[in-house]
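# Remarks on the overall topology
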Amino acid sequence: FFSSRRRHTRLRTVTGVQTCALPIWIMGEYGSRGVKFFLVHVDPDLTPEKASEHAREFGYSCPVVLDRDLSLAHRYDIERVPAAVLLTPDGVRRYRGRIDDLYLALGKRQSQASSHDLRMALDAVLTGRNVTVSETDAVGCYLPAVSAKE
């Protein structure tokens with residue numbers, strides 16, 4: 001998962017099991033430009049079978065990772081889901097936060113997004129520019145509690 005011999009930009013999308021906000025077109029558009037996607041689930045009770053079923057239901061063909069102990073979420077400072085983390089091939093975090101501003105707050109959906117934060121970050125990284133806005137606040141549910149036995 002973390003050690004790849006291929007040189008590519010990696011994007012981890014951290015999500016809960018009920019919804020998945022990463023538009024499928026973004027995977028096609030940026031996957032063809034060398035971006036590798038991972039779908040990371042933070043639900044501690046999610047089975048590998050249910051995670052795979054969820055990915056198929058939403059049309060995702062990227063690897064699915066279960067982050068039951070929230071170690072990945074904590075490593076990349078994820079507090080709410082859905083959220084995206086953009087890493088360079090050498091593991092440097094270039095962006096963390098929302099995909100876009102379609103949701104301004106829980107239950108407050110715009111008719112269309114006006115700021116495409118993830119897309120802007122991807123475009124900057126892929127063209128060798130600095131990411132202007134490297135962090136945004138994701139709008140969504142807080143991470144689930146993980147029991148002490150885990």
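Residues numbered from 1 in each chain as written. Predicted model: local features only at pLDDT ≥ 70, side-chain atom pairs only at ≥ 80, totals over all residues. Heavy atoms only, no water.

### A short note on the side chain of Thr-136
The following threshold applies: A run of DSSP states H or I qualifies as a helix once it reaches four residues; a run of E qualifies as a strand once it reaches two. Both are numbered from the N-terminal end. Side-chain atoms alone can form a polar contact between residues adjacent in sequence; in general such a contact is a pair of N or O atoms within 3.5 Å, and within protein one must be able to donate a hydrogen while the other accepts it. Whether two residues touch is decided by their heavy atoms; if any such pair falls within 4.5 Å, the residues are in contact.
Within the secondary structure, Thr-136 is located in the loop between α4 (117-126) and β9 (141-142). Within the structure, the side chain of Thr-136 is placed 2.9 Å from the backbone nitrogen of Arg-98, a separation counted as a polar contact. Among residues more than four places away in sequence, those in contact with Thr-136 are Tyr-95, Arg-96, Gly-97, Arg-98 and Asp-117.

### A few points about the packing of helix α1 (residues 24-31) against α4
Each pair of packed helices gets described by two things: the angle between the helix axes and the distance between those axes. The following threshold applies: Note on geometry: axes are lines fitted to C-alpha atoms, helical ones only across the stretch in contact, with angles between N-to-C directions running from 0 to 180 degrees. Angular relationships are summarised with four words: roughly parallel below 35 degrees, roughly antiparallel beyond 145, roughly perpendicular across 65 to 115, and oblique for the angles in between. Each residue receives one of three labels: charged for Asp, Glu, Lys and Arg, nonpolar for Ala, Val, Leu, Ile, Met, Phe, Trp, Tyr, Cys and Pro, and polar for the others, Gly being one of them.
Closest axis-to-axis distance for the α1/α4 pair is 12 Å, and the angle between their directions is 5 degrees. Compared by their axis directions, α1 and α4 come out roughly parallel. Only Leu-118, Arg-119, Leu-122, Asp-123 and Leu-126 of α4 make contact with α1, whose side of the interface consists of Trp-25, Ile-26, Glu-29 and Tyr-30. Residue classes in the contact of α1 with α4 are distributed as 6 nonpolar, no polar and 3 charged.

### As for the pairing of strand β5 (residues 83-87)
Operational definition: For the exposure calls, accessible area comes from a 1.4 Å probe over protein chains only, and a residue counts as buried if that area is under 20% of its type's maximum, exposed if over 50%, partly exposed in between. Two strands form a pair only when DSSP identifies at least two bridges running between them.
Across the 5 residues that make up β5, a large majority, 5, are buried. Neither face of β5 is left uncovered, since the one carrying Ala-83, Val-85 and Leu-87 and the one carrying Ala-84 and Leu-86 both have all their residues buried. Bridge analysis of β5 against strand β6 (residues 93-97) gives 4 bridges, and the strand direction is antiparallel. Looking at the pairing, Val-85 lines up with Arg-96 of β6. If you look at the hairpin formed by β5 and β6, you'll find 5 residues sitting between the two strands, and Gly-91 has a positive phi there, around 90 degrees.

### Digging into α4
Rule in force here: It is the directions from the helix axis to the C-beta atoms that the arc portrays.
Looking at α4, one finds that the buried residues are Asp-117, Leu-118, Ala-121, Leu-122, Ala-124 and Val-125. Projected down its long axis, α4 carries its buried residues within an arc of 165 degrees, all on one side. After α4 finishes, the residue Gly-128 shows a positive phi value of roughly 75 degrees.

### Notes on the confidence of the model for the protein chain
The criterion, for reference: A score from 0 to 100, pLDDT tells how confident the predictor is in each residue.
Per-residue pLDDT for the protein chain has a mean of 81; in total, 83% of the residues score no lower than 70. With pLDDT under 50 throughout, residues 1-8 is counted as low confidence; its partners more than four residues away or in other chains account for 16 contacts. Counting interchain partners and residues more than four positions distant, the pLDDT-below-50 stretch residues 14-19 has 22 contacts.

### Quick word on empty space enclosed by the protein
Here the idea is plain: a probe the size of a water molecule rolls over the atoms and shows the empty space left. So the rule is basically this: In the cavity and pocket records, a cavity denotes points on a 1 Å grid over the protein atoms alone where a 1.4 Å probe fits but cannot get out, a pocket denotes an open set with protein on both sides within 12 Å along at least 5 of 7 lines, and lining residues are residues with an atom within 4 Å of a point. Grid points are joined across faces, edges and corners, and a volume is the space filled by probe spheres set on the points.
All chains considered together, the criterion is met by 1 cavity of 30 Å³ or more. Approximately 50 Å³ is the volume found for the largest cavity. Surrounding the largest cavity, Pro-23, Trp-25, Ile-26, Ile-99, Asp-100, His-116, Leu-118 and Arg-119 form its lining. When residues of the lining of the largest cavity are traced back to their parent elements, those giving at least two are α1 and α4. Residue classes in the lining of the largest cavity are distributed as 5 nonpolar, 1 polar and 2 charged.

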